[in-house]
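# Summary of the model geometry
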Amino acid sequence: MLRSLDIAATGMQAQTTNVETISHNMANMTTTGYKRRRAEFQDLIYQDLRRVGTMSSDTGYRVPAGAQIGLGVRTAAIYRINEQGSLSQTGNALDLAIEGRGYFRILLPSGEYAYTRDGTFSLSQDGSIVTADGYPLVPNIAVPNNAENITIDQSGQVQYTLAGQPDAQVAGQIQLTTFQNENGLAAMGQNLFTETTSSGDPINGNPQSVGFGSVRQGFVEESAVNAVTEITNLITAQRAYEMNSKTITASDQMLQTLTSLR
């Protein structure tokens, strides 16, 4: 009887993780470039009350189906759903959205690289393109202080014009980075990810080349969270949590009955 208490407890713990994941999604409904998460679960090991395939008699007959009791559930993984978010027009020349596969590569103060879908860039004091936290875009691209009409085409080439000079000047080329397993990237907050052994090595290339998305100037990628889906998932998780709690209540009542018989 105590086994049912432990099993139901694992169910409540799993649904707590589920609700926390959904809550994180809903909290990031307006986070630029955010990809929603989904919790995945696995059943725990089983105890054999009667092993499958054992002999049922001396005549050689075998049991067609044994008797196994599962011991509950555990969290297996929390996946990122890497679907394209909607593009929102901002009109800011340094707002960039990736349409398709790829991440912007960012240089951290530690000298390591990070990767992001958040393309809300600005210019630093020396004219370099940087993130909202001041981390420079890689490869480094800088424009003069007197630059006018900064344009970035869908292939990532950055150009600008100077007063009195009609011909555009090339400031640099934006690159994108892809990974064999995007779910293997480690989230570090600030809309940034770092590579891991599970993600595979980074693959760098120009936008619109084979395997890479395109860059859209004056747009940002909105969060890929659907409010209706998350609310539905939240209700389902809440009901599952309640049913597991009722299992604990029923097991406790059965234990009280056994205790009263003694």
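Residues numbered from 1 in each chain as written. Predicted model: local features only at pLDDT ≥ 70, side-chain atom pairs only at ≥ 80, totals over all residues. Heavy atoms only, no water.

Per an unreviewed UniProt entry, the chain goes by the name Flagellar basal-body rod protein FlgG and belongs to Aristophania vespae. Checking UniProt for the chain, the heading Subunit (unreviewed entry) contains the comment "The basal body constitutes a major portion of the flagellar organelle and consists of four rings (L,P,S, and M) mounted on a central rod. The rod consists of about 26 subunits of FlgG in the distal portion, and FlgB, FlgC and FlgF are thought to build up the proximal portion of the rod with about 6 subunits each." A UniProt comment under Subcellular location (unreviewed entry) is attached to the chain, and it reads "Bacterial flagellum basal body". (UniProt positions renumbered as here; feature names shortened; annotations may be inferred.)

### Quick look at the domain arrangement of the chain
You can read the domains of the chain as domain 1 (1–82 + 225–261) and domain 2 (87–221). Taking only C-alpha atoms into account, the centre of domain 1 sits 42 Å from that of domain 2. Between domain 1 and domain 2, the contact holds eight residues from the first and 12 residues from the second. Each partner contributes to the roughly 850 Å² buried at the junction of domain 1 and domain 2, and carbon and sulfur atoms together form 41% of this total. Contact with domain 2 buries surface across domain 1, with Thr32, Arg80 and Asn82 losing the most and accounting together for 61% of the total. If you look at where domain 1 meets domain 2, you find one salt bridge. In this structure, the salt-bridge partner of Lys35 is Glu221, at a minimum N-O distance of 2.5 Å. Remark: the boundary between domain 1 and domain 2 carries six residue pairs in polar contact (both at pLDDT 80 or more). Looking at side-chain class alone, the side of domain 1 that touches domain 2 contains one nonpolar, four polar and three charged residues. (Domains from an automatic or database assignment. Contact = heavy atoms within 4.5 Å. Buried area = accessible area lost by both parts, 1.4 Å probe. Salt bridge = Lys/Arg side-chain N within 4 Å of Asp/Glu carboxyl O. Polar contact = N/O pair within 3.5 Å; in protein donor to acceptor, adjacent residues only side chain to side chain. Nonpolar A, V, L, I, M, F, W, Y, C, P; charged D, E, K, R; others polar.)

### Looking at the nonpolar core
Ranked by internal contacts, the top residues of the largest apolar core, which has 24 residues, are Leu96, Phe104, Phe121, Leu137 and Ile174. When residues of this core are traced back to their parent elements, those giving at least two are strand 6 (96–99), strand 7 (103–107), strand 12 (147–152) and strand 13 (157–162). In contact with Leu96, not counting residues within four places along its chain, are Phe104, Gly119, Phe121, Ile152, Ile174, Val215, Arg216, Gln217, Phe219 and Val220. Among the nonpolar cores identified, the runner-up in size contains five residues, and Tyr103, Tyr115, Phe179 and Leu185 belong to it. (Core = buried A, V, L, I, M, F, W, Y, C linked by side-chain atoms within 4.5 Å. Buried < 20%, exposed > 50% of the residue type's maximum accessible area, 1.4 Å probe, protein only. Helix = DSSP H or I, 4+ residues; strand = E, 2+ residues; numbered from the N terminus.)

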